[in-house]
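Close look at the chain arrangement
Each chain, letter by letter, is given below.
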Amino acid sequence: MPNRFSIYDAVPAYSEEDCAGALFAAKWPDGFRCPRCAHPHYYKVSSRGRHLFECRSCAHQTSLTAGTVLEGTRTPLTKWFQAMFLMQIGINAKLLAELIRVTYKTAWLINHKLRHAIGEWDRMRPLEGDLQLLGGLLRLRIPSLLQQSNRAGGAEAAASRGRRLA
Ligand SMILES: [Zn+2]
């Protein structure tokens, strides 16, 4: 059983920059690849506070979260990473909301998406350690919660979104 008194101390203090770096490494372990044309070079552009990667060849713009379980989120990356870490302890949405300081609704959504992603990951391969689980979570192509209701259709849609960079 997790110790309720130490659980607050267990919330890691990530920086947004660290999370973006980890996300980049998980998403593009061999360096950036344009999801449309596979070109390896990009310009970094900012749009409404979002950091986008614009392909130098075809000008397609993509983000770190595009095509991952984090796609479309307005919740800071730090909170997602804290949630992923805390998921290993196995906590409910109410406690998650308290620990990472988000609304219950946001915590429920994060919890739900991560649980689904972990389920997908388990089906794909046995657990190989936290870091790989984290990398796997981030690499999973889960476009939206709505598309997850049909697992087969979701997987197909996910596959057609681009090659997996595993
Ligand atoms: Zn391109």
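Residues numbered from 1 in each chain as written. Predicted model: local features only at pLDDT ≥ 70, side-chain atom pairs only at ≥ 80, totals over all residues.

The subject of this paragraph is the confidence of the model for the protein chain. Summary statistics for the protein chain give a mean pLDDT of 74 and a share of 67% for residues scoring 70 or more. The least confident element of the protein chain is helix α6 (residues 151-160), whose mean pLDDT is 39; the most confident is strand β3 (residues 61-63), at 93. (pLDDT = per-residue confidence, 0-100. Helix = DSSP H or I, 4+ residues; strand = E, 2+ residues; numbered from the N terminus.)

Across the sheet, 3 strands lie side by side as β1-β2-β3; this open sheet has antiparallel pairing. Each edge of the open sheet carries a strand with a single partner, namely β1 (42-47) and β3. Neighbouring strand axes in the sheet, compared pairwise and without regard to direction, differ in orientation by 40° on average. Sheet analysis places strand β2 (residues 50-55) next to β3, joined by 3 bridges and oriented antiparallel. Pairing of Leu52 across the sheet is with Ser63, part of β3. (Pairing = 2+ DSSP bridges. Axes fitted to C-alpha atoms, helices over the stretch in contact; angles between N-to-C directions.)

Ranked by internal contacts, the top residues of the largest apolar core, which has 18 residues, are Leu77, Trp80, Phe81, Ala83, Leu96, Ala107 and Ile110. Within the residue set of this core, elements represented by two or more residues are α1 (16-27), α2 (77-87), α3 (93-100) and α4 (104-124). (Core = buried A, V, L, I, M, F, W, Y, C linked by C-beta atoms within 7 Å. Buried ≥ 20, exposed ≤ 12 C-beta atoms within 10 Å, placed from the backbone.)

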